Amino acid sequence: EDQVTQSPEALRLQEGESSSLNCSYTVSGLRGLFWYRQDPGKGPEFLFTLYSAGEEKEKERLKATLTKKESFLHITAPKPEDSATYLCAVQEASGGSYIPTFGRGTSLIVHP
Amino acid sequence: DVKVTQSSRYLVKRTGEKVFLECVQDMDHENMFWYRQDPGLGLRLIYFSYDVKMKEKGDIPEGYSVSREKKERFSLILESASTNQTSMYLCASSQIQGATNEKLFFGSGTQLSVL
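Points about the pattern of salt bridges
Proximity of charged atoms lets side chains of opposite charge pair with each other.
Here is step 1: Counted according to the given criterion, the structure contains 11 salt bridges over all chains.
Here is step 2: Measuring nitrogen to oxygen at the nearest pair gives 2.9 Å for the salt bridge that ties Arg37(A) to Asp39(A).
Here is step 3: Here Arg37(A) falls in the buried class, since its relative accessible area comes to 18%.
Here is step 4: Two residues, Asp38(B) and Arg44(B), come together in a salt bridge whose shortest N-O distance is 2.8 Å.

If you want it as structure tokens, here you go:
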């Protein structure tokens with residue numbers, strides 16, 4: 001069973017059509033939750049880190065939120081340049097290892 | 001900004017060849033990682049290193065080995081390449097564990113094809 005599950009796997013939006021991506025996790029204690037953006041043929045780029053339930057972070061049209069079981073990446077009035085794969089990763093607090101576990105990603109396409 | 005450089009963008013190798021993938025980071029990071037990324041499977045950790053000459057197995061180490069002789073360089077070695085090792089390989093680095101923001105910095109990736 002995956003510790004980190006992202007949904008949907010793929011999402012197609014029209015330009016300006018707001019939506020949300022979901023990342024649910026099952027680790028026993030959360031040290032940090034990370035969002036990355038990955039463009040085709042490139043490595044992932046860091047977007048946000050969230051540490052505790054109720055925390056929110058914003059960057060341009062993106063807003064990340066965190067609860068005790070999941071995180072949402074809200075995209076407001078998206079543009080075609082927001083098209084990318086968005087990856088969520090979770091760091092578990094227990095066990096002594098800080099290696100993040102990644103979800104499988106959500107592929108977002110924004111049509112003009 | 002941190003820069004993580006992978007030596008090759010594309011590689012084509014033959015089955016049975018020994019393959020070296022090189023990665024260099026320029027921000028004095030302690031941690032370095034090798035992932036492979038396959039469609040539908042996401043990022044899977046092969047090996048990581050938290051110090052020079054130290055290495056730890058990740059989730060899928062079989063068929064791979066690593067070398068970290070210098071802090072800035074982390075090499076992934078495929079001892080005898082097989083077709084099921086065709087994949088995108090991503091190197092990453094991060095600050096020491098316990099830092100306030102342990103985000104990963106990724107290289108651009110190496111697309112390896114084993115024929």
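After presenting the structure, the write-up continues.
Brief notes about the interface of chain B and chain A
Here is step 1: Listed by partner, the interface residues are 23 residues for chain B and 20 residues for chain A.
Here is step 2: A combined buried area of about 1,600 Å² lies between chain B and chain A, and 56% of that area is made up of carbon and sulfur atoms.
Here is step 3: Between the two partners, chain B and chain A, sit one salt bridge.
Here is step 4: Salt-bridge contacts for Glu102(B) lead to Arg31(A); the nearest nitrogen and oxygen are separated by 2.7 Å.
Here is step 5: Remark: the boundary between chain B and chain A carries six residue pairs in polar contact (both at pLDDT 80 or more).
Here is step 6: Going through the elements one at a time, strand S4 (31–38), strand S5 (42–49) and strand S9 (87–94) of chain B are the ones with two or more residues in the side of chain B that touches chain A.

What to know about the sheet that holds strand S8 (residues 70–75) of chain A
Residue and element names in this part refer to chain A.
Here is step 1: The strand order across the open sheet formed by five strands is S1-S3-S8-S7-S6, and the pairing between neighbours is antiparallel. Looking at which strands have only one partner, the edges of the open sheet turn out to be strand S1 (4–7) and strand S6 (56–59). Looking at each pair of strands side by side, their axes are set apart by 15 degrees on average, direction ignored.
Here is step 2: Where strand S3 (residues 19–25) meets S8, six bridges bridge the pair, whose relative direction is antiparallel. Bridged to Leu 21 within S8 is Leu 73.

Quick look at the layout of surface pockets
Here is step 1: Counted as a void, the largest pocket has a volume near 600 Å³.
Here is step 2: Around the largest pocket sit 24 residues that line it, and Arg104(A), Gln37(B), Asp38(B), Pro39(B) and Gly40(B) are the ones nearest its centre.
Here is step 3: Elements with a minimum of two residues in the lining of the largest pocket: S1, strand S9 (84–92) and strand S11 (106–111) of chain A together with S4 and S9 of chain B.
Here is step 4: Ranked by residues supplied to the lining of the largest pocket, first place goes to S1(A) with three residues.
Here is step 5: Along the lines of polarity and charge, the residues of the lining of the largest pocket split into five nonpolar, 13 polar and six charged.

Quick look at unusual backbone geometry
Here is step 1: Between Ser7(A) and the following residue, Pro8(A), the backbone shows a cis peptide bond with an omega angle of -10 degrees.
Here is step 2: Mapping Pro8(A) onto the fold places it in the loop between S1 and strand S2 (10–14).
Here is step 3: Phi at Asp28(B) takes a positive value of approximately 60 degrees, unusual for a residue other than glycine.
Here is step 4: Examined against the element boundaries, Asp28(B) turns out to sit in the loop between strand S3 (19–25) and S4.
Here is step 5: In this structure, Lys53(B) is a non-glycine residue whose phi angle is positive, near 65 degrees.

Reading the values: rules and limits
Residues numbered from 1 in each chain as written. Chains lettered and ligands numbered in written order. Predicted model: local features only at pLDDT ≥ 70, side-chain atom pairs only at ≥ 80, totals over all residues. Heavy atoms only, no water. Salt bridge = Lys/Arg side-chain N within 4 Å of Asp/Glu carboxyl O. Buried < 20%, exposed > 50% of the residue type's maximum accessible area, 1.4 Å probe, protein only. Contact = heavy atoms within 4.5 Å. Buried area = accessible area lost by both parts, 1.4 Å probe. Polar contact = N/O pair within 3.5 Å; in protein donor to acceptor, adjacent residues only side chain to side chain. Helix = DSSP H or I, 4+ residues; strand = E, 2+ residues; numbered from the N terminus. Pairing = 2+ DSSP bridges. Axes fitted to C-alpha atoms, helices over the stretch in contact; angles between N-to-C directions. 1 Å grid on protein atoms, 1.4 Å probe; cavity = no way out; pocket = protein on both sides within 12 Å on 5 of 7 lines; lining within 4 Å. Points joined across faces, edges and corners; volume = space filled by probe spheres on them. Nonpolar A, V, L, I, M, F, W, Y, C, P; charged D, E, K, R; others polar.

These results come straight from atomic positions and should not be treated as a statement about function.
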